[in-house]
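Structural characterization, general
The primary structure of each chain is shown beneath.
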Amino acid sequence: MPLQHRKQDGLTLSDGALLFSRSRRTTAPLFSRTGRTAAYTCAVAVPKILLYYVFTPLADPEAVRMWQHDLCESLGLRGRILLSKDGMNGTVGGDLPAVKRYLRNTRAYAPFANLDVKWSEGSGFDEVEPSTLSEPARRSGWAPRAASGAVLMSADFPRLSVKVRDEIVSFGAPGELQVDESGVLGGGTKLAPEQLHSLVAERGDDVAFFDGRNAFEAQIGRFKDAVVPDVATTREFVAELDSGKYDHLKDRPVVTYCTGGIRCEVLSGLMKSRGFGEVYQLDGGIVRYGETFGDDGLWNGSLYVFDNRVSVDFSDHTAVIGTCVRCGAATKRMQNCTDASCRTQLVVCTSCAADSAPFCPTHAPA
């Protein structure tokens, strides 16, 4: 039977989704529980992670936040989701059927129909005592159970977080971003992985790869000869571009890249508005490129990710390009500075980490 749609307070959702108004909240069933009423064991559970984003105008991000939060709870998912008036950016993890159901329900909301998604393997599950969970999560028929009765939740995220922010990717320049139902306006030309290879074959060394991530992410993986701006957070990019350091690239073809593509949607537009004449963005980011070419293309090393996996490889022959800050040994292992107030990520080999707690230069003991 075709999906039926209802409209309420700016949200058009398929039957089976959650409907909210600002003054009251009502719920319809999230899914048919046929075949999912009894908890099933971890023997058949498959941990998966979904990375996704969409740029589209949202009239009421707070209403969408409530819907997304309850949808994830009812499916036993963990992860991080950011919403703004310009769209949604998220990554969630859980059992494969639950993540599939989440994607289906989310895409049933018309503005999210063109959600850009990437799948990856999860690392496993945490066994969580049911009494510590919210009632929707505890009663979920979609979260697998261990033989002990514990609920199995994604081990790659500590909790579920769904928030509304000024930006879904924090460049600190919300006034410069313009979106409509088709996505970002004024961004760089999108290149599929195969098109990127064609550009490099045609233009050779004139092509400049521009890393749109934080500098520490590039320490364990990057494109060959990439320009890596010295930024600790995404918010530093605007000042970095305005500094003039990269003006020599304004007449060259510049390919921006990032983890999943979302940061370059914004970065490429910022570069174009600052006089960079030929700007591209790697569509789907490093993730989609790795899915296409693995470690047999232009990418070199491991991909840093913002969850408990820390990094992912694209093959069984991934190059190790990171070097331990202590001994210089080749490693892809990263961890936080030991100082509790510091968020600096350091490349530290297993041996040095076991020897003593690593500190960044700012917080190193005298």
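Reference entry: report on the structure contained in this document. Here the structure is a predicted model, which means the values were calculated and not measured.

**Observations concerning the packing of helix α1 (residues 61-74) against helix α2 (residues 96-107)**
Where α1 meets α2, the axes come as close as 10 Å, and the angle between the chain directions of the two elements is 155°. Taken together, the axis directions place α1 and α2 in an arrangement best described as roughly antiparallel. The interaxial crossing formed by α1 with α2 has right-handed handedness. In contact with W67, Q68, L71 and C72 of α1, α2 contributes Y102, N105 and T106.

**What about the pattern of salt bridges?**
Counted according to the given criterion, the structure contains 19 salt bridges. With a shortest N-O distance of 2.4 Å, D116 and K118 are connected by a salt bridge. No difference in accessibility class separates D116 from K118, as the two residues are buried. Close ionic contact of R274 with D242 constitutes a salt bridge, the shortest N to O distance being 2.7 Å. Of the two residues, R274 sits in the loop between α6 (262-272) and β18 (278-282) while D242 sits in helix α5 (residues 237-242), which places them 32 residues apart along the sequence. Where salt bridges share partners, they join R203, D206, R252 and E278 into one cluster.

**Some thoughts on the side chain of S154**
With respect to the helices and strands, the residue S154 is situated in strand β10 (residues 151-154). Its relative accessible area of 2% is what places S154 among the buried residues. A distance of 3.2 Å separates a polar atom in the side chain of S154 from the backbone nitrogen of D156.

**Remarks on the packing of aromatic side chains**
According to the stated counting rule, one finds 17 aromatic pairs in the structure shown. Note on F216 and Y304: the rings are 5.1 Å apart at their centroids and 85° apart in plane angle, and the pair reads as edge-to-face. In this pair, F216 is assigned in the loop between β15 (208-211) and β16 (221-223) and Y304 in strand β20 (residues 303-304), connecting sequence segments 88 residues apart. In this structure, F216 and Y304 share a single accessibility class: buried. Joined through ring pairs, the aromatic side chains of F209, F223, Y257, Y289, F293 and W299 make up one cluster. Above the plane of the ring of F276 lies K250, whose end atom (NZ or CZ) is 5.5 Å from the centre.

**Describing the sheet that holds strand β6 (residues 78-84)**
Each strand in a sheet pairs with its neighbour through backbone hydrogen bonds, running either in the same direction (parallel) or in the opposite one (antiparallel). Spatial ordering of the open sheet is given by β8-β5-β7-β6-β11, a layout of 5 strands whose pairing is mixed. Among the strands making up the open sheet, the edge pair consists of β8 (116-121) and β11 (160-164). Neighbour to neighbour, the strand axes of the sheet diverge by 10° on average, direction disregarded. In the sheet, strand β5 (residues 47-55) pairs with strand β7 (residues 87-95) via 9 bridges, with the strands oriented antiparallel. Within the sheet, the bridge partner assigned to P47 lies in β7 and is D95. Packing against the sheet, α2 makes contact with β5, β6, β7 and β8, and its axis sits at approximately 155° to β7. Sheet strands touched by helix α7 (residues 285-293): β5 and β8. Its angle to β8, the strand with the most contacts, is close to 60°.

Thresholds, definitions, all that
- Residues numbered from 1 in each chain as written.
- Predicted model: local features only at pLDDT ≥ 70, side-chain atom pairs only at ≥ 80, totals over all residues.
- Heavy atoms only, no water.
- Axes fitted to C-alpha atoms, helices over the stretch in contact; angles between N-to-C directions.
- Helix = DSSP H or I, 4+ residues; strand = E, 2+ residues; numbered from the N terminus.
- Parallel < 35°, antiparallel > 145°, perpendicular 65-115°, else oblique.
- Left-handed = near helix turned anticlockwise from the far one by under 90°.
- Contact = heavy atoms within 4.5 Å.
- Salt bridge = Lys/Arg side-chain N within 4 Å of Asp/Glu carboxyl O.
- Buried < 20%, exposed > 50% of the residue type's maximum accessible area, 1.4 Å probe, protein only.
- Polar contact = N/O pair within 3.5 Å; in protein donor to acceptor, adjacent residues only side chain to side chain.
- Phe/Tyr/Trp six-rings, centres within 6.5 Å; stacked < 30°, edge-to-face > 60°.
- Lys NZ or Arg CZ within 6 Å of the ring centre and 35° of its normal.
- Pairing = 2+ DSSP bridges.

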